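# Commentary on secondary and tertiary structure
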Amino acid sequence: MSGVIPAEPRLGDFAAGQLIRLCEVAGLGPTDTAAYARVLSESLGPVAERSLALPPPSRSFLSDDHTPVEYSLAFLPGTAPALRVLLEPGCGTDDLVENGRTGLRAIRAMAERWGFATRQLDRIEDLFFPGSPEGGFALWCALELRSGGVPGVKVYLNPSANGPERAAETVREALARLGHRQAFDALPRADGFPFVALDLGDWEAPRVKVYLMHQGLSAAEAGSLPRMAPPPGQERLEEFFRTVGDLPAAGDLTAEGKDRLTGRPALTCHSFTETATGLPSGYTLHVPVRDYVRHDGQARERAVTVLRRHGMDSVALDRALAAVGSRRLSDGVGLIAYLALVHERGRPPRVTVYVSSEAYEVRPPREAFPTRDRVRAGL
Ligand code: TRP
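Criteria and cut-off values
- Residues numbered from 1 in each chain as written.
- Predicted model: local features only at pLDDT ≥ 70, side-chain atom pairs only at ≥ 80, totals over all residues.
- Heavy atoms only, no water.
- Helix = DSSP H or I, 4+ residues; strand = E, 2+ residues; numbered from the N terminus.
- Rg over C-alpha atoms; globule rule 2.2 N^0.38 Å.
- Contact = heavy atoms within 4.5 Å.
- Areas by Shrake-Rupley, 256 points an atom, 1.4 Å probe, with all protein chains shown as cover.
- Lys, Arg positive; Asp, Glu negative; His and termini not counted.
- Charge placed at Lys NZ, Arg CZ, Asp CG, Glu CD.
- Buried < 20%, exposed > 50% of the residue type's maximum accessible area, 1.4 Å probe, protein only.
- Salt bridge = Lys/Arg side-chain N within 4 Å of Asp/Glu carboxyl O.
- Near = heavy atom within 4 Å.
- Polar contact = N/O pair within 3.5 Å; in protein donor to acceptor, adjacent residues only side chain to side chain.
- Nonpolar A, V, L, I, M, F, W, Y, C, P; charged D, E, K, R; others polar.
- Phe/Tyr/Trp six-rings, centres within 6.5 Å; stacked < 30°, edge-to-face > 60°.
- Lys NZ or Arg CZ within 6 Å of the ring centre and 35° of its normal.
- Core = buried A, V, L, I, M, F, W, Y, C linked by side-chain atoms within 4.5 Å.
- Axes fitted to C-alpha atoms, helices over the stretch in contact; angles between N-to-C directions.
- Parallel < 35°, antiparallel > 145°, perpendicular 65-115°, else oblique.
- Left-handed = near helix turned anticlockwise from the far one by under 90°.

## Digging into the overall build of the chain
- Scanning the chain from N- to C-terminus turns up eleven helices and ten strands.
- Relative to its length of 379 residues, the chain is compact, with a C-alpha radius of gyration of 20 Å against a globular reference of 21 Å.
- Across its three principal axes, the chain shows a C-alpha extent of roughly 70 × 50 × 40 Å.
- A sequence separation of at least 24 residues applies to 69% of the contacts in the chain between residues at least 6 apart.
- Accessible surface for the chain amounts to roughly 16,500 Å². Of this, 51% is attributable to carbon and sulfur atoms.
- A gap of 2 Å separates the mean positions of the 44 positive and 47 negative side-chain charges of the chain.

## Regarding the side chain of Arg-84
- By the secondary structure assignment, Arg-84 is in strand β2 (residues 82–87).
- Despite its burial, Arg-84 pairs with no opposite charge, the nearest such side chain being Glu-144 at 4.2 Å.
- Excluding anything up to four places from it in sequence, Arg-84 contacts Glu-70, Tyr-71, Ser-72, Ala-74, Leu-143, Glu-144, Lys-154, Thr-352 and Tyr-354.

## What about the site of the ligand?
- Looking at the ligand, the residues that line it are Phe-61, Leu-62, Glu-70, Leu-86, Trp-140, Phe-195, Arg-264, Leu-267, His-286, Arg-290, Tyr-338 and Tyr-354.
- Phe-61 is positioned such that a nitrogen or oxygen atom in its backbone is 2.8 Å from a nitrogen atom of the ligand.
- A distance of 2.9 Å separates a nitrogen atom of the ligand from a polar atom in the backbone of Leu-62.
- When isolated, the ligand has an accessible area of 350 Å², and the protein chains bury 92% of it.
- Taken together, the residues of the shell around the ligand break down into eight nonpolar, one polar and three charged.

## Overview of the packing of aromatic side chains
- Within this structure, the stated rule accounts for eleven aromatic pairs.
- Plain terms: the ring middles of Phe-61 and Trp-140 are 4.9 Å apart, the flat faces sit at 45 degrees to each other, and that makes the pair tilted. Of the two residues, Phe-61 sits in the loop between α2 (30–44) and β1 (69–75) while Trp-140 sits in strand β3 (residues 139–144), which places them 79 residues apart along the sequence.
- Of the residues examined, Trp-140 reaches a relative accessible area of 4% and is grouped as buried.
- Relative to Phe-193, the ring of Phe-184 lies with its centre 5.9 Å away and its plane at 25 degrees, an arrangement referred to as stacked. For the pair Phe-184 and Phe-193, one class covers both residues: buried.
- Clustering of aromatic rings is evident, with ring pairs tying together Phe-61, Phe-137, Trp-140, Tyr-156, Phe-195 and Tyr-211.
- Between Arg-146 and the ring centre of Trp-203, over which it is positioned, the NZ or CZ distance is 4.5 Å.

## Overview of the nonpolar core
- Counting 99 residues, the largest nonpolar core has Leu-19, Tyr-71, Leu-143, Phe-241 and Leu-285 as its most contacted members.
- Residue contacts for Leu-285: discarding those within four places in its chain leaves Leu-217, Ala-222, Leu-237, Phe-240, Phe-241, Leu-267, Thr-268, Leu-339, Ala-340 and Leu-341.
- Grouped together as the second largest cluster of nonpolar side chains are 16 residues, Leu-62, Ala-197, Leu-267 and Ala-337 included.

## Brief notes about the packing of helix α8 (residues 234–245) against helix α9 (residues 296–309)
- Orientation of α8 relative to α9, taken along the N-to-C sense of each, is 160 degrees, at an axis distance of 9 Å. Looking at the two axes, α8 sits roughly antiparallel to α9. Relative to α9, α8 is oriented so that their crossing is right-handed. From α8, Arg-236, Glu-239, Phe-240, Thr-243, Val-244 and Gly-245 reach across to α9, where they touch Arg-302, Thr-305, Val-306 and Arg-309.
- Of the residues contributing to the contact of α8 with α9, the split by class is three nonpolar, three polar and four charged.

## Comments concerning the pattern of salt bridges
- In total, this model carries 29 salt bridges according to the counting rule given.
- Note that Glu-204 and Arg-347 form a salt bridge whose closest N and O atoms lie 3.6 Å from each other. Highlighted residues: Glu-204 in the loop between β5 (192–200) and β6 (208–214) and Arg-347 in the loop between β9 (336–344) and β10 (350–356), separated in sequence by 143 residues.
- Assessed through its relative accessible area of 78%, Glu-204 is described here as exposed.

So, to be careful, I would describe these as geometric facts and stop short of saying anything about function.
This is the structure we're talking about:
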């Protein structure tokens, strides 16, 4: 080495710095924190060394500015939030074959390192990694950063790998191979199948998750889509959806016909943990809040409202937002990418906040966003 000091930080260091600060918010100790920072850099591979002065390594749609990393915090009442990190191990290339190969290699290396089986993934691998894959990504992975240094691992696969027209068939076949023969028929109608995800490793009840996309969803629909038994509270779901999507209260007559999301669509996720009932045991409603606010100050307010409504404290949220960056929340939009309300059988509802890394770009605030008040005033 010639001893040249890079002028710009590198992607791996930047993300590891964010992660280290987030680990403290999540109550992880110094040993776990150091280990997880290393895991993150290693999972990114050579891309970790890439200067942030260069453009993003690929067109990854994992985040809006193509940073191949996104954080999320899962809130529960009375305890520190759980920290997760979503990443794209194959992000060094836009070639989906190569990207997918790197992704699978990364997952198998994790399996070896943490001693878990990849049987479930092996069973469906050929469905999601065809010779000439299509779609927007090949494989993402999320790590739930638990205390003890061994993360929970989740793998995200692309149902459109064989073409979007075969996505439904791919999902049905994947569910069947995993033993969930009735699961596909239990799903509600949807406009697309963005992801299938698998829990790998040490989970109390490993899930197979099917994400559905719903164009122009209304609050009433968001509340009635869940097929899980017992069903989650419909009113709570509707209220969450209206709050996050800035939709009018039920019964607001001045707002007739404005009860649907018109920007980036909401996603739902149905999770399957057992094959006895054929029904999902979990339902998550994901709302891309970044499309329905002027700036992140507003997104934070919506998050705080939702957290309070579910008996959770927002102090950790503010600490987490400060941990990823120091810009004023009103100076950009997209730091808070999604807000989600999670229901799992036998557990209290959780709220998940997805926080962008913004390693490459901050989207400027929307000055003239047509909020409800402006629409009503005819502006
Ligand atoms: N960036 C993509 C999107 O906005 C995928 C994604 C990243 C995503 N994090 C997410 C989707 C959290 C749902 C929830 O769709």
